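Single-letter residue listing:
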Amino acid sequence: MSLAAEGGLPQLVVEGAGEGPDGIAVDAETEHLYWTNMGVPAEDDGFILRSEFDGSDVTTVVEPGETFTPKQLKLEAETQKLYWGDREGMRVMRSNLDGSEIEVLVTIAEGDAAREDRANHAVGVAVDPTLGYVYWIQKGPPNGGEGSIRRAGLVMPSGENDRTRTDIEILYAGLPEPIDLDLDAEAGMMYWTDRGDATINRASIESPGGATANTRQDREILVDGVDVAIGIWVDLAAGHVYYTGTDVVGRVDLDGDNNTVLVRNAGVLTGITGMRER
């Protein structure tokens, strides 16, 4: 679906969006939409699709089974890469825009027993190409207080791999059930949705002085009461945060002022992204 940034009637873009569409990204230069499809989570058959802006020419770019359960998605324009969280795969992944050169950047855990622990499930992602970091969320069980936000370098440490890398930092721990993530890297802020306590949030990327990931208490709740809060997109140019939940698309200022519901009664919504007019 699509919607003008100031609201109005939503428009259907792609009707046959696949099995479990979730994360979404936009490429303004090539006028393509990309989105993840979870598939059937127990069957390791997730995939990623692409279409033109008008919804035509739906094409598979990451084939079923090349990722387990892809969730939130980001497109990094500078290097022309897609980044996503692979939930049941317990991985952070990326590929070229055409689906080639699929890479696993982080393997959190492996095996069926580890898969049962939702603290290992990677969902939201964000990328800071300037400082060279990929960020991701490990969501934890429903409203379980085990969610975390983490990051690692875009360049693998020498002699290490996705299973052994030692540069992973936990930025915020003990969150109810965080889902999607976006950044204002220049201001040093991260924004996320939390399905566990139905909130839209922000906090500084770096912990306040003396605090650790487990002890920091600087999370700001921008909006509460967002049932099944999932998607988030930060529109820095306009100073807005857009978010989705059950039946709603909402917009709020970066500091939490002027919360506005743009769409109601839209069903259970997942990913959201946008673009400014060129």
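Residues numbered from 1 in each chain as written. Predicted model: local features only at pLDDT ≥ 70, side-chain atom pairs only at ≥ 80, totals over all residues. Heavy atoms only, no water.

Student: Which parts of the structure should I look at to understand the overall build of the chain?
Tutor: Per the secondary structure count, the chain includes one helix and 20 strands. A compact globule built from 278 residues should have a C-alpha radius of gyration of about 19 Å, and the chain, at 17 Å, falls within 12% of that. A principal-axis box enclosing the C-alpha atoms of the chain has dimensions of 50 × 40 × 35 Å. For the chain, the proportion of its 278 residues judged to be buried stands at 52%. Looking at the chain alone, contacts between residues at least 24 apart form 42% of all its contacts between residues at least 6 apart. For the chain, the accessible area works out to roughly 12200 Å², and carbon and sulfur atoms hold 46% of it. When the 22 positive and 50 negative side-chain charges of the chain are each reduced to one mean point, those points stand 3 Å apart. (Helix = DSSP H or I, 4+ residues; strand = E, 2+ residues; numbered from the N terminus. Rg over C-alpha atoms; globule rule 2.2 N^0.38 Å. Buried < 20%, exposed > 50% of the residue type's maximum accessible area, 1.4 Å probe, protein only. Contact = heavy atoms within 4.5 Å. Areas by Shrake-Rupley, 256 points an atom, 1.4 Å probe, with all protein chains shown as cover. Lys, Arg positive; Asp, Glu negative; His and termini not counted. Charge placed at Lys NZ, Arg CZ, Asp CG, Glu CD.)

Student: Help me understand the sheet that holds strand 12 (residues 169-175), please; the structure alone is not making it clear to me.
Tutor: Reading across from one edge, 9-10-11-12 is the order of the four strands in this open sheet, with antiparallel pairing throughout. Across the chains shown, the open sheet's two edge strands, defined by having one partner strand only, are strand 9 (122-128) and strand 12. On average, each strand axis in the sheet is tilted by 15° relative to the strand beside it, whichever way the strands run. Pairing of strand 10 (residues 133-138) with strand 11 (residues 147-153) involves six bridges; the strand directions are antiparallel. If you follow Tyr133 over to strand 11, its bridge partner there is Gly153. (Pairing = 2+ DSSP bridges. Axes fitted to C-alpha atoms, helices over the stretch in contact; angles between N-to-C directions.)

Student: I keep staring at the sheet that holds strand 1 (residues 21-27) and nothing clicks. Help me out?
Tutor: Remark on secondary structure: sheet strands pair via backbone hydrogen bonds, oriented parallel or antiparallel. If you walk across this open sheet you meet the four strands as 1-2-3-4, and the pairing is antiparallel. Every interior strand has two partners, whereas the edge strands, strand 1 and strand 4 (59-67), have only one. Averaged over all pairs of adjacent strands, the angle between strand axes in this sheet comes to 15°, irrespective of strand direction.

Student: Whenever I open this one, the side chain of Asp253 confuses me. Can you help?
Tutor: Mapped onto the fold, Asp253 is located in strand 19 (residues 248-253). Buried and unpaired, Asp253 has Arg251 as its nearest opposite-charge partner, separated by 5.7 Å. Here the side chain of Asp253 touches Asn258 through a polar contact of 2.6 Å, side chain to side chain. Those residues within four positions of Asp253 in sequence are excluded, and the remaining contacts are Leu222, Gly239, His240 and Asn258. (Salt bridge = Lys/Arg side-chain N within 4 Å of Asp/Glu carboxyl O. Polar contact = N/O pair within 3.5 Å; in protein donor to acceptor, adjacent residues only side chain to side chain.)

Student: Help me understand the pairing of strand 5 (residues 70-76) in this model?
Tutor: In the case of a regular strand, side chains alternate between the two sheet surfaces. When you tally the buried positions in strand 5, you get seven out of seven residues, the bulk of the element. Alignment of strand 5 against strand 6 (residues 81-86), held across five bridges, turns out to be antiparallel. Among the inter-strand pairings, Pro70 is bridged to a residue of strand 6, identified as Asp86. Connecting strand 5 to the antiparallel partner strand 6 that follows it, the hairpin turn spans four residues, and Gln80 within it adopts a positive phi of roughly 60°.

Student: In this structure, what is going on with the pattern of salt bridges? I would like to understand it.
Tutor: Side chains bearing opposite charge may pair, as long as their charged atoms lie close to each other. Applying the stated criterion to the full structure yields 19 salt bridges. Two residues, Asp162 and Arg163, come together in a salt bridge whose shortest N-O distance is 3.5 Å. Overall, Asp162 belongs to the buried group, its relative accessible area being 13%. We classify Arg163 as exposed; its relative accessible area is 51%. What you see here is one network of salt bridges that share partners, running through Lys81, Arg94, Glu101 and Glu103.

Student: Is there a simple way to explain the layout of surface pockets in this structure?
Tutor: Rolled over the atoms, a probe sized like a water molecule indicates the empty space that remains. In this structure, the largest pocket occupies an estimated 1200 Å³ of space. What lines the largest pocket is a set of 36 residues, and nearest its centre among them are Met1, Ser2, Leu3, Ile24 and Thr273. Of all the secondary-structure elements, those providing two or more residues to the lining of the largest pocket are strand 1, strand 2 (32-37) and strand 18 (240-245). Take the lining of the largest pocket: its biggest share by element is five residues, from strand 1. Taken together, the residues of the lining of the largest pocket break down into 24 nonpolar, eight polar and four charged. As a volume, the second largest pocket reaches approximately 920 Å³. Around the second largest pocket, the lining comprises 35 residues; the ones closest to its centre are Lys74, Leu75, Asp182, Trp233 and Val234. For the lining of the second largest pocket, the elements supplying multiple residues, two or more each, are strand 1, strand 5, strand 9, strand 13 (178-184) and strand 17 (232-235). Grouping the amino acids of the lining of the second largest pocket by side-chain chemistry returns 19 nonpolar, six polar and 10 charged. (1 Å grid on protein atoms, 1.4 Å probe; cavity = no way out; pocket = protein on both sides within 12 Å on 5 of 7 lines; lining within 4 Å. Points joined across faces, edges and corners; volume = space filled by probe spheres on them. Nonpolar A, V, L, I, M, F, W, Y, C, P; charged D, E, K, R; others polar.)

Student: Can you help me understand unusual backbone geometry in this one?
Tutor: Glycine aside, a negative phi is what most residues show, and trans is what most peptide bonds show. With a phi angle near 60°, Gln80 is a residue other than glycine that sits in the positive phi range. Residue placement: Gln80 occurs in the loop between strand 5 and strand 6. Residue Gln80 is classed as partly exposed on the basis of its relative accessible area of 36%. A positive phi is found at Asn258, a non-glycine position, where the angle reads about 60°. Checked against the element boundaries, Asn258 lands in the loop between strand 19 and strand 20 (260-263).

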